[in-house]
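The residues making up each chain are set out below.
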Amino acid sequence: MMSGANKKYQEIHARRDKIFGVLSEYCLSGGDAKREILDFVCEGVAILDNLGNPEFMNMAWQQFFPFEIKDKEKLIIHWISQASENKLDDKTSFFEFQRELDLYESEVSVECLFFVKKQRSHSDIGCAYQVIMFDVSFLSNLKSDWKQKLDAVDDIVFLVDEKLEITETNQKGLDLTSLSIRDIKGKNIYELLFGHSHVCRECLITNANKTGRSQFVEEFSPLFQKWFSIDVTPINNKQGASEEFFLSVHDISDLKAQETKLRETNQQLKKRNAEYELLNDELVRNNMLFEATLESTDNGIVVVGCDGDVLFYNKRFLELWNLDENIFVQGDADGLMEEVKSQLKFPKAFEKKINELNENPSISRVDYLEFKDGRIYERFSKSIFWKETPYARVWSFRDITRTKRAQKRLKESEHRYLEMFRNMRSGVAVYESVEGGADFKFVNFNRAAEQISKVSKDEVVGRRLTKIFPGMKKGMLIEAMRKVLKTGEPLDLPPFYYKDQTRDGWRKNYLYRLPSGEVVAMFDDVSLALEADKKLKQHNEELNIINQELLLAKEAAQESDRLKSAFLANISHEIRTPMNGIIGFSELLAGKKLPVEKVQFYSKVIVDSGHQLLNLLDDVLDTSKIESGSLKLSEKEIVVNDLINDLFAFFNPMTENKEVSLYLHKPLKDEESSLKTDPKRLRQVLTNLLSNAFKFTLKGDVRFGYEKRGNTFRFFVIDTGIGIAKDNIEFVFDRFWQEESGMNKNFGGTGLGLSISQKLVEILGGDIWVESQKGEGTAFYFDIPVKKTEISEPEKPEKEEQSEVLTILVAEDEEINYLYLEAVLSKEDVDVIHAVNGAEAVDKYKSVSNIDLVLMDIKMPVMDGYEALDIIKGIDPQMPVVALTAYAMAEEREKGLERGFDEYLSKPLKVDQLYGIIKKIENHNGKLTQK
């Protein structure tokens, strides 16, 4: 239909390109030859400036417009201005538009196609336009026929060029858009249909252009609120290229609405089917649950239809009646009835009851069956109705033989206890609370209570306590009854005196609460007994004066015995725990041959348990000395800074394997930090506090040191560990106390360290206290008074000078050997420092200033004993160093003495030899004279 028009347009475009070429040459050369060529063409050609003034017109243009050109060209310039908006192609530099013109002095109009190209104006008033005009009236007939055919199509039809701009549409397209054919031409097809252009939608036409085949899509237009199906067909020229596209647009909104409704219907059907499936599953589950419930119940159940057929029975029914299941399989109803009746004590009554219930389906009944062998069953019967018609009857049987016998025994027991209650010598009153304990009402009252209170049971039961005994409103008894009601704890009240208009006397009450909630008061009249007690007390006072001294002695002995018992009870668990580890793992080691790893592990457990036991023994000995008052102080002038430095050197290695830092604080110079005190006990307190700080601090820091405040040294140990709960701070210094039981498992300890530290600080004349917050850390402070009034230069202990307490450095890499040495040395008044190799022994010798003796193992890791000996003797040739080794040969002893050891002891160690060496050092002012 459009092939003829397409061919004509192709010819016009070819002519357009040639004429524009000649015009360009004319503009460049201005030659007459080019003008003659332009005059011979049949198309109108002109060059107009932007005001419409002609710079050039060929003959055809002048013949078409024989009148004054200016006005007509201004009209053309107006058309150019309208058509050029947003249409000038940067690639081709020209655009086209089509207008209908009336011929001069004629009623005939022609359809003209204008091609416009910009150029610079020769009049320097702006730009100019090259204009070519073609008469395309011959196309009107073709388009008229084509348009009539498009208008006859049911669908909306658009012709679209490669730029997606509409070139033609049918009447239905105009009706849809409510636009004229002039307004609709040139619009973007997607902007017209959808209100905006989208790259993805352009893929439809692009694909049609690429493939040469029709493309189809369904799309919703928010602009028209309609669903469209769009069918795109490319229109190809002779060369097969697609120059235009035929778009058939069909309104499918009704179809989409039906599809949506159909989908909703399908969804509803799926949902309904799912609900039916759930209901069916629920029905199956309920049926299974019902059957399982019937099978698991302790009741025997049988369901019998109105026609006498057995519809259901559970296994319990067979067990209760001792029936064989075959009796139901055979359908022998008469045999079943006879079997049941043969077991009953009253079979005729049983059969009669069944007949009555079957004749009256609406009746439900509960009764009891007695068996010949003494069993008693509870029978329950109820009919099942279906659509208001009796369908079957359920029979349920439950063995209540034990219950009936228990009820009988309970009744007999109640009778016995009632008789006991009535005949008790003490008065007994049973109360129930009124208004939550505001008052109490009598429930029962025995004969003794009637005699003591001078009121009968009938007068009090059901009435309030404060009505019968008005004096009780503010008395001790009613308050105690409220407490017992609330707590459930029994109360034994002291005697109290009661008096009203009808009775008086001393009463002694014991109160308790029954499980049912009633409060019981057991009471006696103790007036005569109290009078006798009064006389007895007068007599006893005379005896007490005589026996006062004996009584005081007895109390002192009892208190001593109590303390001893408490001490032994508390210490027993702490001793048994490490002993259990030592004995148990020693037995394991003595058994069958074990792998090396297990031997090492068991040995470590024994060693650790031994350490724990030794620490416990030290704490126990100190506690014993403190409690007995036999702890003696050995005071001397010390330099506090030296003590702080020693402690820092001892504890700082503990930070190596933990995320904990250690900081010290010593604000005074050495000569200013003089203090007269017992250095061993002061060190012991600080060591206990620092050990606890490292034990309970897993991450953070530990700070310790002192401040001088007037005549007092204030020492402190502060950590960022787990802290102590506020409610538990008051118990910190109690013996054997630890904050929670889990702490024993996580951290260990005896719970004696802080108690000992408190007592030591008090003996040293000071006070100790703690500040802590759970999860944030703990701070311990203690004050030690300065006893010296005159400030003098403190004497620093020299290694060669003898102190009251010897300090011994033990270099031993085997833990069990060291534990043995530590136990041996604990019998002497010495301080022991442990090093696990020669290098550590040298470091500790350098950092600790008051070492009096070195016990050195020879074979050790890192650095052996000989190398460590050379370094120590190089520092102080007079320092006593004793070899302690498993090498027992005579030549080894000679070698050791020649290398510089002052004495040579072989393992196993002889304790007397070691003690002899210590005595020599004590007797010779720190020097060992053995050679």
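These figures come from a predicted structure and were not determined experimentally. (Residues numbered from 1 in each chain as written. Predicted model: local features only at pLDDT ≥ 70, side-chain atom pairs only at ≥ 80, totals over all residues. Heavy atoms only, no water.)

Quick look at the overall build of the protein chain now. Secondary structure assignment for the protein chain yields 30 helices and 33 strands. The burial tally for the protein chain puts 38% of its 931 residues in the buried class. Look at the contacts in the protein chain between residues 6 or more apart in sequence, and 54% of them connect residues 24 or more apart. When the accessible surface of the protein chain is totalled, it reaches about 54,600 Å², and 51% of it is carbon and sulfur. (Helix = DSSP H or I, 4+ residues; strand = E, 2+ residues; numbered from the N terminus. Buried < 20%, exposed > 50% of the residue type's maximum accessible area, 1.4 Å probe, protein only. Contact = heavy atoms within 4.5 Å. Areas by Shrake-Rupley, 256 points an atom, 1.4 Å probe, with all protein chains shown as cover.)

Burial along strand S19 (residues 496–499) is one-sided: Phe-496 and Tyr-498 are buried, and none of Tyr-497 and Lys-499, which face the opposite way, are. For S19 and strand S20 (residues 504–513), the ladder comprises four bridges, and the chain directions are antiparallel. Pairing of Tyr-498 across the sheet is with Gly-505, part of S20. Taking the residues that link successive antiparallel strands as the turn, the S19-S20 hairpin has four residues. (Pairing = 2+ DSSP bridges.)

Now for the pattern of salt bridges. Here the structure, examined in full by the defined rule, presents 29 salt bridges. Ionic pairing is found between Asp-701 and Arg-703, a salt bridge with its closest N-O pair at 3.3 Å. Each of the salt bridges in this network shares a partner with another, and the network as a whole consists of Glu-218, Lys-256 and Glu-259. (Salt bridge = Lys/Arg side-chain N within 4 Å of Asp/Glu carboxyl O.)

Let's shift gears to the sheet that holds strand S11 (residues 300–305). As summarised here, the arrangement of the five strands in space is S12-S11-S15-S14-S13, forming an open sheet in which the pairing is antiparallel. Only two strands of the sheet have a single partner each, and these edge strands are strand S12 (310–313) and strand S13 (365–370). Strand-to-strand twist across the sheet, computed as the mean angle between neighbouring axes with direction ignored, equals 20°. Looking at chain direction, S11 and S12 are connected through three bridges and run antiparallel. Note that in S12 the partner of Val-304 across the bridge is Val-310. (Axes fitted to C-alpha atoms, helices over the stretch in contact; angles between N-to-C directions.)

This brings us to the sheet that holds strand S10 (residues 242–251). Spatially, S7-S6-S10-S9-S8 is the arrangement adopted by the five strands of the open sheet, whose pairing is antiparallel. The strands lining the two open edges of the sheet, one partner per strand, are strand S7 (166–169) and strand S8 (215–221). Ignoring strand direction, the axes of neighbouring strands in this sheet form an average angle of 25°.

Taking 1.5 Å per residue as the helical rise, helix H14 (residues 347–359) with its 13 residues ought to reach 18 Å, and the 19 Å between its terminal C-alpha atoms agrees with that figure. All of the buried residues in H14 are Phe-350, Ile-354 and Leu-357. All buried residues of H14 lie within an arc of 70° about the axis, which places them on one face of the element. Away from the buried face of H14 by more than 90 degrees, exposed residues Lys-348, Lys-352 and Glu-359 are located. (Expected span 1.5 Å × (residues − 1). Arc of directions from axis to C-beta.)

Counting 43 residues, the largest nonpolar core has Leu-682, Leu-686, Phe-715 and Phe-782 as the members making the most contacts within it. Ignoring sequence-local partners within four residues, the contact set of Phe-715 consists of Val-640, Leu-675, Leu-682, Leu-686, Gly-705, Tyr-706, Phe-780, Tyr-781, Phe-782 and Ile-784. Phe-440, Phe-442, Leu-465 and Ile-478 belong to the second largest nonpolar core, which has 26 residues in total. (Core = buried A, V, L, I, M, F, W, Y, C linked by side-chain atoms within 4.5 Å.)

Attention now goes to unusual backbone geometry. Unusually for a residue other than glycine, Asn-322 sits at a positive phi of about 55°. A positive phi angle is found at Val-862, which is not glycine, with a value near 70°. Topologically, Val-862 is positioned in the loop between strand S31 (853–856) and helix H28 (865–875).

With 84% of its residues at a pLDDT of 70 or more, the protein chain shows a mean pLDDT of 81. No element of the protein chain has a lower mean pLDDT than helix H24 (residues 741–746), which averages 45, and none a higher one than strand S26 (residues 712–719), which averages 96. Below a pLDDT of 50 lies the segment residues 88–92, which in the model reaches seven contacts outside its immediate sequence neighbourhood of four places, other chains included. Taken together, the stretch residues 789–803 has pLDDT below 50 and engages in 29 contacts with residues farther than four places along the chain or on a different chain. (pLDDT = per-residue confidence, 0-100.)

Positionally, Lys-844 belongs in helix H27 (residues 838–847). Here His-834 takes part through its backbone oxygen, which lies 2.6 Å from a polar atom of the side chain of Lys-844. Excluding its chain neighbours within four sequence positions, the residues that come into contact with Lys-844 are Phe-650, Leu-809, Ile-833, His-834 and Ile-851. (Polar contact = N/O pair within 3.5 Å; in protein donor to acceptor, adjacent residues only side chain to side chain.)

Orientation of H27 relative to H28, taken along the N-to-C sense of each, is 15°, at an axis distance of 9 Å. Between H27 and H28, the crossing angle belongs to the class labelled roughly parallel. Between H27 and H28 lies a crossing whose hand is right-handed. Listed contacts from H28 to Gly-838, Val-842, Tyr-845 and Lys-846 of H27 are Ala-868, Ile-871, Ile-872 and Ile-875. Residue composition of the contact of H27 with H28, by class: six nonpolar, one polar and one charged. (Parallel < 35°, antiparallel > 145°, perpendicular 65-115°, else oblique. Left-handed = near helix turned anticlockwise from the far one by under 90°. Nonpolar A, V, L, I, M, F, W, Y, C, P; charged D, E, K, R; others polar.)

The next point concerns the packing of aromatic side chains. Tallied over the full model, the rule gives 26 aromatic pairs. Taken together, a centroid distance of 5.6 Å and an interplanar angle of 55° make the contact between Tyr-497 and Trp-506 tilted. The exposure class assigned to Tyr-497 is partly exposed, which follows from its relative accessible area of 42%. Between Lys-404 and the ring centre of Tyr-368, over which it is positioned, the NZ or CZ distance is 4.4 Å. Its end group placed over the ring of Tyr-663, Arg-703 keeps NZ or CZ at 4.5 Å from the ring centre. (Phe/Tyr/Trp six-rings, centres within 6.5 Å; stacked < 30°, edge-to-face > 60°. Lys NZ or Arg CZ within 6 Å of the ring centre and 35° of its normal.)

A word on helix H10 (residues 253–296). Across its 44 residues, H10 extends 63 Å between first and last C-alpha, which sits within 8% of the 64 Å expected from 1.5 Å per residue. Inspection of H10 places Ser-253, Lys-256 and Leu-294 among the buried residues, and these make up the whole buried set. Tucked into the core, H10 has its buried residues touching S8, strand S9 (226–236), S10, S11 and S12.

What follows is about the environment of Leu-614. Structurally, Leu-614 can be placed in helix H21 (residues 596–628). Measuring from C-alpha to C-alpha, the distance between Leu-614 and Ala-823 comes to 7.2 Å, with 209 residues separating the pair along the chain. Excluding anything up to four places from it in sequence, Leu-614 contacts Leu-819, Glu-822 and Ala-823.

This part is about the environment of Ser-757. Note on placement: Ser-757 falls in helix H25 (residues 753–763). The exposure class assigned to Ser-757 is buried, which follows from its relative accessible area of 0%. As for Ser-757 and Leu-689, which are separated by 68 residues in sequence, their C-alpha atoms are 8.1 Å apart. The contacts of Ser-757, once residues within four sequence positions are left out, are Val-685 and Asn-688.

Here the focus is a nonpolar patch on the surface. On the surface, Leu-311, Ile-384, Trp-386 and Tyr-391 cluster together into a nonpolar patch covering about 440 Å² of accessible area. Inspection of the secondary structure assignment puts Leu-311 in strand S12. Residue class for Leu-311 comes out partly exposed when judged on its relative accessible area of 43%. (Patch = residues over 30% accessible without salt bridge, like charges linked within 9 Å, V, L, I, M, F, W, Y side chains within 5 Å.)

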